[in-house]
Amino acid sequence: MNFTDIHTLMPEIVMAVLALAVLLSELVIRRKETVGLLAIVSVAVTAYFIPTSFGTVFNGMFISDGYSVFFKFIFFTCLILTVLISSRYLEIERSSHGEYYALLMFATLGMMLMASAGDLIVLYLGLELMALSLYVLTGFIRHEYRSNEASLKYFLLGAFSSAILLYGIMMIYAQTGTTDINTISSVLTEKKATVSLLLSVIFLLVAFSFKIALAPFHMWTPDVYEGAPTSITAFMSVGPKAAGFAVLGRVFLVGLYPLQINWIPLLIGLSILTMAVGNILAIQQRSVKRMLAYSSIAHAGYAVIGIIAGGNEGVSAMMNYLLIYMFMNIGAFSILILMRSEDFLGESLDDFKGLAKTHPLTAGLMLLFMFSLTGIPPTAGFIGKFYLFKAAVGAGYTWLAIVTVIFSAISAYFYLRVVIYMYMHEPEGEAVSLSGSPSLGLALLISALLVLFIGIYPSPFISFARIVTG
Amino acid sequence: MPGRYLPTEYLPVAIFIAISIAFGLGALIMGSMVRLRRPYREKLMPYESGIDPVGEPRVRFSIRFYIIAMLFVVFDVEAIFMYPWAIVFDKIGLFALIEMIIFIVILLVGYVYALKKEAFRWE
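Residues numbered from 1 in each chain as written. Chains lettered and ligands numbered in written order. Predicted model: local features only at pLDDT ≥ 70, side-chain atom pairs only at ≥ 80, totals over all residues.

Peer 1: Would you mind showing me how to read the overall build of chain A here?
Peer 2: The helix and strand inventory of chain A stands at 20 helices and two strands. Taking 470 residues into account, the globule formula puts the C-alpha radius of gyration at 23 Å, and chain A, at 21 Å, falls close to it. Taken along its principal axes, the extent of the C-alpha atoms in chain A is 70 × 55 × 40 Å. Residue burial in chain A is summarised as follows: out of 470 residues, 55% are buried. (Helix = DSSP H or I, 4+ residues; strand = E, 2+ residues; numbered from the N terminus. Rg over C-alpha atoms; globule rule 2.2 N^0.38 Å. Buried ≥ 20, exposed ≤ 12 C-beta atoms within 10 Å, placed from the backbone.)

Written as structure tokens, this is what we have:
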């Protein structure tokens, strides 16, 4: 490492410095929306250093390539959308503090490190930075019992999964003598798949499954997603999940690629189980927030298919799916935030009764996001699923694609139920009063436009993902 | 010989551990064998330096203790990091100095934050 290589690390350095600056700005700025605005400006400044950041530093410990840049693009958009939907919501929850934005930036910094990690230790470092910020953010509504409980549950299970990850890294290190992902791959090509080697693969897989909430390691997800502030639920179900997929892809498709025939069956099993658990348990939920938590489990099950299929096609399909999922999921959570007002929770299915009569525009947007989550054309959700299935069929997993189609047909029941409540029921009691704000409106506009745009004209995004993985 | 290595240089440590355990246990066992046993109420009371104990043994501590403890750990770790840095400082030179300044500045931000949030004030 010399100072001529510093451009590779520039986005991370800038992000870290600006996150610290935002933390300090909280002390002097009275209006907390301004701190949020500073966070958005910081993301823009950080993004400016991305195009010149390509390269590898610290002997391959830190890689900035097309793959990581695509994921960083997802993280930045996710952060901006989250800040936009947060400002008014935090006031309603009486939790408007500037630390919120600083913590979001630290979490994003952790995710950036994860996406760029060429070494298992750097990966762990980024993962912990992300996770520690998220534990605090989950319990950010300090006076609410539900939020505290979610935070504690998330912390305990997160710490547990981190320990499992460290154990897996230790076992890999014991057998290959390195933590560098590329070197692990070249060492493993000359080794036979011994029992202890497979055990370490399982440890890594379990730890990552915890982070991206694959069944049967999803138990924390519904409670945490329900208890966390809605804006953080939106953030958690997109950014950190994408970061989890980024490391899953890097570790399994590069580092452990020589053992592919051994881990593919495990991943297929996890994927099918995840889709089953997520979609079937979502049917029972009366709370829309909890339903979206289960739906987020199910969507992780879909996205894993990209890694199972592997190759340029599979990975780019997975990345595209995560990008599309971000817009439709943050959109759906924005509607939930719109419904929340001072003395009204607005999370139950019954609260959506007759929304089309009282607030047709809100109902229309929710309809769009629900259609997209189901995967109905011409929305982006359809495009995401289409390319995943195409990759699966191309890699010879036609039966897996069929299973996925069946589960996504099941998912139509609970997504479209929201639509039925909005359009085919009469409004009950007094009309829901929405708590809109310009920034929330902007976030909804961006999500809705992109859900439609990718749905109708997907080729720029598809080819972008193909180029960066190619 | 590989596989049959005995760390003989650690033998004194093992002997030391064995002797200290034997000494501690031996003193307790000897004491219980020779001492008189005449318990009465005052003797069985919890020891509070001669005065009568007051209140419950479990008291709730103020949350501020935890904040102080947390801040202590942060700066404690900072000091620990400085020891190895100071030892290799002359080999690495200017680069090490810059690295340490960055590290301290990051912690300084935390310190300023804690100070402004009045984490060090008791009331």
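Anyway, onward from the coordinates.
Peer 1: Quick question: what am I supposed to make of helix 18 (residues 398-424) of chain A here?
Peer 2: Residues spaced three or four apart along an α-helix point in a common direction, a consequence of the helix completing one turn every 3.6 residues. Residues and elements named next belong to chain A. In this model, helix 18 (27 residues) spans 37 Å end to end at C-alpha, consistent with the 39 Å of a helix rising 1.5 Å per residue. Along helix 18, the helix axis deviates most sharply at Leu416, where the bend reaches about 30 degrees. All of the buried residues in helix 18 are Leu400, Ala401, Thr404, Ser408, Ser411, Phe414, Tyr415, Val418, Tyr421 and Met422. On the buried face of helix 18, the contacting elements are helix 12 (260-283), helix 13 (288-309), helix 15 (355-358), helix 16 (360-374) and helix 17 (380-394). (Expected span 1.5 Å × (residues − 1). Bend = angle between axes of the 7 residues up to and from the residue. Contact = placed C-beta atoms within 7 Å.)

Peer 1: Whenever I open this one, the nonpolar core confuses me. Can you help?
Peer 2: Inside soluble globular proteins, nonpolar side chains tend to come together where they are buried. Residues and elements named next belong to chain A. Counting 167 residues, the largest nonpolar core has Ala19, Val22, Leu104, Met105, Met114, Leu322 and Phe369 as the members making the most contacts within it. Looking at this core element by element, the count peaks at 20 residues for helix 14 (residues 311-339). Excluding residues within four positions of it along the chain, Leu104 makes contact with Ala39, Leu79, Thr82, Val83, Leu137 and Phe235. (Core = buried A, V, L, I, M, F, W, Y, C linked by C-beta atoms within 7 Å.)

Peer 1: What exactly am I supposed to notice about unusual backbone geometry here?
Peer 2: All names here are of chain A. With an omega of 0 degrees, the peptide bond between Ala215 and Pro216 qualifies as cis. Going from Pro377 to Pro378, the amide bond is cis rather than trans, its omega being 5 degrees. Take Pro378: it is sitting in the loop between helix 16 and helix 17. A positive phi angle, close to 55 degrees, is found at Phe58, a residue other than glycine. A positive phi angle is found at Asn59, which is not glycine, with a value near 50 degrees. Structurally, Asn59 can be placed in the loop between strand 1 (55-57) and strand 2 (62-64).

Peer 1: Help me understand the environment of Phe62(A) in this model?
Peer 2: Residue and element names in this part refer to chain A. Within the element layout of this structure, Phe62 appears in strand 2. Residue classification places Phe62 among the buried residues on the basis of 21 C-beta atoms within 10 Å. Each C-alpha atom of the pair Phe62 and Leu9 lies 8.2 Å from the other, and the pair is 53 residues apart in sequence.

Peer 1: Could you clarify how one ought to interpret the interface of chain B and chain A in this entry?
Peer 2: You'll often see interface size given as the accessible area lost when the parts meet. At the interface, five residues of chain B touch four residues of chain A. Of the residues contributing to the side of chain B that touches chain A, the split by class is four nonpolar, no polar and one charged. (Nonpolar A, V, L, I, M, F, W, Y, C, P; charged D, E, K, R; others polar.)

Peer 1: What is the right way to look at helix 4 (residues 94-116) of chain B in this model?
Peer 2: Given a rise of 1.5 Å per residue, 23 residues ought to cover 33 Å, and the 32 Å separating the end C-alpha atoms of helix 4 of chain B matches this to within 8%. One or two positions beyond helix 4 of chain B, positive phi appears at Glu118(B), with a value near 60 degrees.

Peer 1: Honestly, the packing of helix 11 (residues 239-255) of chain A against helix 14 of chain A in this entry has me stumped. Any pointers?
Peer 2: Relative orientation and spacing of two packed helices are given, respectively, by the angle between their axes and the distance between those axes. All names here are of chain A. Contact pair helix 11 / helix 14: the axes reach a minimum separation of 10 Å and the direction vectors enclose 170 degrees. Accordingly, the angle class assigned to the pair helix 11 and helix 14 is roughly antiparallel. Here Ala242, Phe245, Gly249 and Leu253 of helix 11 come into contact with helix 14, specifically with Val315, Met318 and Leu322. Along the lines of polarity and charge, the residues of the contact of helix 11 with helix 14 split into six nonpolar, one polar and no charged. (Axes fitted to C-alpha atoms, helices over the stretch in contact; angles between N-to-C directions. Parallel < 35°, antiparallel > 145°, perpendicular 65-115°, else oblique.)

Peer 1: Explanation requested: the environment of Leu205(A) in the structure shown.
Peer 2: Residues and elements named next belong to chain A. The residue Leu205 is located in helix 8 (residues 195-212) in this model. Leu205 sits 118 residues away from Ser87 along the chain, and the two C-alpha atoms are 37 Å apart. Excluding anything up to four places from it in sequence, Leu205 contacts Trp263 and Leu266.

Peer 1: Even after reading the chapter, I still don't get the packing of helix 2 (residues 32-48) of chain A against helix 4 (residues 99-116) of chain A, so can you show me in this structure?
Peer 2: Residue and element names in this part refer to chain A. Orientation of helix 2 relative to helix 4, taken along the N-to-C sense of each, is 20 degrees, at an axis distance of 8 Å. Here helix 2 lies roughly parallel to helix 4, going by the angle between them. Seen from above, helix 2 lies across helix 4 with right-handed handedness. Listed contacts from helix 4 to Val35, Gly36, Ala39 and Ser42 of helix 2 are Tyr101, Leu104 and Met105. Across the contact of helix 2 with helix 4, the residue classes tally to five nonpolar, two polar and no charged. (Left-handed = near helix turned anticlockwise from the far one by under 90°.)

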